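A look at the structure
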Amino acid sequence: MSHLQKRRALWGVCLAALALFAAAMAWLHYQQLCSPGGGTDPYTSDLGQHLAFAQKGMVYSTVSLLIGPAYALAGRWGIAVLLAAFHLAAVGVFAWGLRAAVPAWSRPARLLTSLVVNLAQAVWMPRGGYWYQGTITGTIYHNTTYIMLAPFAMLAVLAFYRAWQGMTGRLRVGAWLVYTVLLTAATSFKASLVFAFAPALLVLLIADLLRTRGKNLGREVFMGCSVLPSIGLCLVQANVLFAEPDSGMRLIFTVEFDRHAMLWGPFNEAALLGMLRSFVFVAAVAVLLGRAAWGSFRYRFTLLVFGVSLAEALLLVESGERLYHANLWWGPFICFWLFWLESVSVLLRQYTVWRDGGRQGRLGLRLGLCGAALVWHIVSGVCFLVLQLQGVSYNIPIATYHFLFW
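In this report, the structure presented in the accompanying data block is examined. (Residues numbered from 1 in each chain as written. Predicted model: local features only at pLDDT ≥ 70, side-chain atom pairs only at ≥ 80, totals over all residues. Heavy atoms only, no water.)

Another point: the packing of helix α6 (residues 173–189) against helix α7 (residues 192–212). Running from N to C, α6 and α7 point in directions that differ by 140°, and their axes come no closer than 9 Å. In this view, α6 runs oblique relative to α7, as classed from their interaxial angle. Contacts between α6 and α7 involve Y179, L183, A186 and T187 on the former and, on the latter, L193, V194, F197 and L201. Classifying every residue of the contact of α6 with α7 by side-chain character gives seven nonpolar, one polar and no charged. (Axes fitted to C-alpha atoms, helices over the stretch in contact; angles between N-to-C directions. Helix = DSSP H or I, 4+ residues; strand = E, 2+ residues; numbered from the N terminus. Parallel < 35°, antiparallel > 145°, perpendicular 65-115°, else oblique. Contact = heavy atoms within 4.5 Å. Nonpolar A, V, L, I, M, F, W, Y, C, P; charged D, E, K, R; others polar.)

Have a look at this one:
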């Protein structure tokens, strides 16, 4: 088989896999929209609620401006196909993000890799079963605003990397403008990214200020201004979402809550094990490939952003009737997706080193362990998706969450 034939065959496999994934997503979301919801019904999700908000004229997100016309055009299938397109966009942007790690790979190879690794979920454990609440993962199937946020969040951060290069060289206004527009667009769908990104950027700018001893102040101020449109959008969204007198944002220590009902925080065994199951692969990369990982600015920055988002989710809650909605946990989800990209990129770069003859420090063994962890996530994610397609709700326990073997 010639090189051209191999390339065409790879494209054929890639397009078939993407088409199958898109069809599965459209069918899943259609079924979710047909479900009455309530937390125990098959295919329960947030999709129906968001559609109801849009029909009532409650506009707090760009999502409200898109799903209404989609529903008017083709009913539930209109929204389902729209969301499937956003899923495909997320896979495509993730594949674009992998280009820096494996520039020699063809586009269909990167797309297939992106599709496979984005099927990953928190790992299933023997006798531990699977419990969705408490886990942190980058790929979400049940929330309209998150699904639409995902590709724009990744585009915004990838554009930020390009704009940040101007801090040590020639500041390119065009790159800054593209990044600012994409960050604002991402915030218009959901504020989860900028809520963690802005504090992380502030830390980065303070570090640059100290490093340059104030000589780069103009660039630092200019870069800091990039989040102002997004912060303005956050204020607009807050006015809609926190309209009730007792609603708002509070430190978790200042609010009384039922610890047994707070299933997504570190207050019960299921949630703690859920978080541990989420980090098997990224922890393996950090420990076994740490030197290569920490040499990457992108890896360090996404880890910082994820750390900020996780701290916010652990320390802050919404008050009033939204207390148990866990909306602040969307921040760790989207930021984990960014960190997931960089962890996968580290693995692929080191695989390239090993393939080219690098054997230092038992690199092959370390890569094998990291690869096994990644496969564990992917297999667990495929099983989780199949269960959802069969009508099992995302927020019910599968088997038991107990880790102990007795």
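This is not the end of the story, as more comes after the structure.
Before going further, it helps to spend a moment on the packing of aromatic side chains. What describes a pair of aromatic rings is the distance from one ring centre to the other and the angle between the planes of the rings. Following the criterion strictly, the structure yields 27 aromatic pairs and no others. Considering the side-chain rings of F306 and F339, the 6.2 Å spacing of their centres and the 10° angle between planes classify their relative orientation as stacked. With F306 in helix α13 (residues 297–315) and F339 in helix α14 (residues 330–355), this residue pair connects regions lying 33 residues apart in the sequence. The pair formed by F306 and F339 is uniform in burial state, with each residue classed as buried. Through successive ring pairs, a cluster of aromatic residues spans F279, F281, W294, Y299, F306, F336, F339 and W340. (Phe/Tyr/Trp six-rings, centres within 6.5 Å; stacked < 30°, edge-to-face > 60°. Buried < 20%, exposed > 50% of the residue type's maximum accessible area, 1.4 Å probe, protein only.)

This brings us to the nonpolar core. Among the nonpolar cores identified, the biggest contains 100 residues, and F160, Y179, L193, M223, F281 and W340 are the most heavily contacted of them. No other element matches helix α5 (residues 144–164), which puts 15 residues into this core. Discounting residues that sit within four places of it in the chain, Y179 has contacts with A156, A159, F160, A163, F197, L201, M223, S226 and V227. Core analysis: the second largest hydrophobic core is formed by 15 residues, Y43, A84, V91 and L115 among them. (Core = buried A, V, L, I, M, F, W, Y, C linked by side-chain atoms within 4.5 Å.)

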